[in-house]
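Listed here are the chains, written in short residue letters.
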Amino acid sequence: CFAHTLNLCVTANINKVINNSDELSLVHVSVINKCNILWNLAGRPKSAVIIQNILGLTLSRPGETRWNNINKKNCLREQDFDYIEEHLLCTAQMAEALDIMQGETNTYYGVVLPCLLALRRKIEKLAKPERIWLYFEPIIDAILKSIDKRFENYLNLSSLESVNASIAAFSYPRFKKCWLTCVKIENHDKLINFFKKAADDVISAQNTPLHSEKSPIINQTTDDFFDFGSSSSARSASTGTTKSQLEVLHFLSDEENNLNNLYY
């Protein structure tokens, strides 16, 4: 699934880069060993109470799917703190994307492509040459390459997976076409036309409006993860002429982003 593949971008690819670098591996092992001392202490009831009283929180040992829980503690040196800071900065966006994709509410197929594009944009920002990394520059590069490789079928915008994901994203009022700012402008009309074609197929098959007469109560959450940049480059396809095309254009131009927008 999407979340599992995304997790591999972190666990498998970061470990590969670390293991292939003697210098990075030495630092990583040293920091993790020191953290292990704290994690082991946190597993003892008496020590856990002391840690809780001092820090106001417990220490979570990272696992295959909880690798972002590395905490900074006083037994570590300044350079160890630097390593952990870079680790957290490097993986925080990935962890947030995983939380979104593994969420129990408001997690639909329409989230996949916007989440992937927003995540890639954030990682690209971290990879900018003006940012100075002490340890994690090769890891940032590896994560970006891993995303491009593992999610090629979604990012190429021509495969069946990418077409279906784009239709789902357009259909989700939370995003509609705002994610197009992360897509080359020459692909905008093509993707919107895929959405129009899907709407045509639905109306032709059902011979009914796209909306229901009853509006259920739906809670819609928002967050700051989905930053797609300026919306100036996102454009609409040519004016629709069929009933479904007119409905699509009206839907995409409506500023309402709640799921209730799918009903009236």
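Each remark here, short or long, concerns the structure printed above.
Keep in mind it's a predicted model, so treat the numbers as computed, not measured. (Residues numbered from 1 in each chain as written. Predicted model: local features only at pLDDT ≥ 70, side-chain atom pairs only at ≥ 80, totals over all residues. Heavy atoms only, no water.)

K.L.:
Before we move on, could you go through the environment of Asn 13 and cite the residues and values that matter?
P.N.:
Structurally, the position occupied by Asn 13 is in helix α1 (residues 2-19). Sequence spacing of Asn 13 and Ile 139 is 126 residues, and the spatial spacing of their C-alpha atoms is 7.9 Å. Excluding residues within four positions of it along the chain, Asn 13 makes contact with Leu 8, Ser 146 and Arg 150. (Helix = DSSP H or I, 4+ residues; strand = E, 2+ residues; numbered from the N terminus. Contact = heavy atoms within 4.5 Å.)

K.L.:
Tell me about the pattern of salt bridges, residues and numbers included.
P.N.:
Overall, the coordinates contain seven salt bridges when judged by the stated rule. Notably, a salt bridge pairs Asp 80 with Arg 77, separated by 3.4 Å at the nearest N-O pair. A relative accessible area of 42% places Arg 77 in the partly exposed class. In this structure, a network of salt bridges that share partners links the residues Lys 34, Arg 77 and Asp 80. (Salt bridge = Lys/Arg side-chain N within 4 Å of Asp/Glu carboxyl O. Buried < 20%, exposed > 50% of the residue type's maximum accessible area, 1.4 Å probe, protein only.)

K.L.:
Any details on the packing of helix α4 (residues 78-101) against helix α5 (residues 112-126)? Residues and values, ideally.
P.N.:
Packed helices, taken two at a time, are described by the angle their axes make and the gap between the axes. Contact geometry of α4 with α5 gives a least axis separation of 10 Å together with a crossing angle of 175°. Looking at the two axes, α4 sits roughly antiparallel to α5. In contact with Leu 89, Cys 90, Gln 93, Met 94, Ala 97 and Met 101 of α4, α5 contributes Val 112, Cys 115, Leu 119, Lys 122, Ile 123 and Leu 126. Counted by class, the contact of α4 with α5 contains ten nonpolar, one polar and one charged residues. (Axes fitted to C-alpha atoms, helices over the stretch in contact; angles between N-to-C directions. Parallel < 35°, antiparallel > 145°, perpendicular 65-115°, else oblique. Nonpolar A, V, L, I, M, F, W, Y, C, P; charged D, E, K, R; others polar.)

K.L.:
Break down helix α2 (residues 22-42) for me, with residues and values.
P.N.:
For an α-helix, 3.6 residues make a turn, and residues three or four places apart therefore share a direction. Compared with the 30 Å implied by 1.5 Å per residue over 21 residues, the 30 Å span of α2 between its first and last C-alpha is a close match. Turning to α2, its buried residues number three or more, namely Leu 24, Val 27, His 28, Val 31, Ile 32, Lys 34, Cys 35, Leu 38 and Trp 39. The buried residues of α2 occupy an angular sector of 160° when projected down its axis, which confines them to one face. Along α2, the residues that are exposed and aim more than 90 degrees away from the buried face are Asp 22, Leu 26 and Ile 37. (Expected span 1.5 Å × (residues − 1). Arc of directions from axis to C-beta.)

K.L.:
Please set out the side chain of Lys 122 residue by residue, giving values where relevant.
P.N.:
Summarising the element assignment, Lys 122 is placed in helix α5. Beyond its immediate chain neighbours, meaning those up to four positions away, Lys 122 contacts Gln 93, Asp 224, Phe 225 and Asp 227.

K.L.:
Please set out the state of the cysteines residue by residue, giving values where relevant.
P.N.:
Tallying each qualifying case throughout the model produces zero disulfides. This cysteine, Cys 182, is not joined by any disulfide, and Cys 178 carries the nearest cysteine sulfur, 8.8 Å off. (Disulfide = S-S within 2.5 Å.)

K.L.:
Give me the packing of aromatic side chains: which residues, what numbers.
P.N.:
Counted by the stated rule, this structure contains 13 aromatic pairs. Ring plane angle 45° and centroid distance 4.9 Å describe the contact between Phe 170 and Trp 179, whose orientation is recorded as tilted. Across the pair, Trp 179 and Phe 170 agree in class, each one buried. Pairwise contacts between aromatic rings join Tyr 108, Tyr 172, Phe 175, Phe 225, Phe 226 and Phe 228 into one cluster. (Phe/Tyr/Trp six-rings, centres within 6.5 Å; stacked < 30°, edge-to-face > 60°.)

K.L.:
Describe the side chain of His 28, listing the residues and the values that go with them.
P.N.:
The topology assignment puts His 28 in helix α2. Setting aside its immediate chain neighbours within four residues, His 28 contacts Ile 18 and Tyr 83.

K.L.:
So, unusual backbone geometry: which residues are in play, and what are the values?
P.N.:
One can expect most non-glycine residues to show negative phi and most peptide bonds to be in trans. Of note, Leu 157 is a non-glycine position whose phi angle comes to about 60°, a positive value. Its location among the elements puts Leu 157 in the loop between α7 (152-155) and α8 (160-171). Looking at Leu 157, the relative accessible area reads 7%, which means it is buried. Positive phi, close to 50°, is recorded for Lys 176, a residue that is not glycine.

K.L.:
Describe the environment of Pro 138, with residues and values.
P.N.:
Relative to the helices and strands, Pro 138 resides in helix α6 (residues 137-150). Of the residues examined, Pro 138 reaches a relative accessible area of 41% and is grouped as partly exposed. Between the alpha carbons of Pro 138 and Ile 14 there is a distance of 9.1 Å; along the sequence they are 124 residues apart.

K.L.:
Residue-level account of the environment of Phe 194, with values.
P.N.:
Within the secondary structure, Phe 194 is located in helix α9 (residues 188-206). Given a relative accessible area of 29%, Phe 194 falls into the partly exposed group. Sequence-wise, Phe 194 and Phe 170 are 24 residues apart; in three dimensions their C-alpha atoms are separated by 9.9 Å. For Phe 194, the contacting residues outside a window of four places in its chain are Val 163 and Ile 167.

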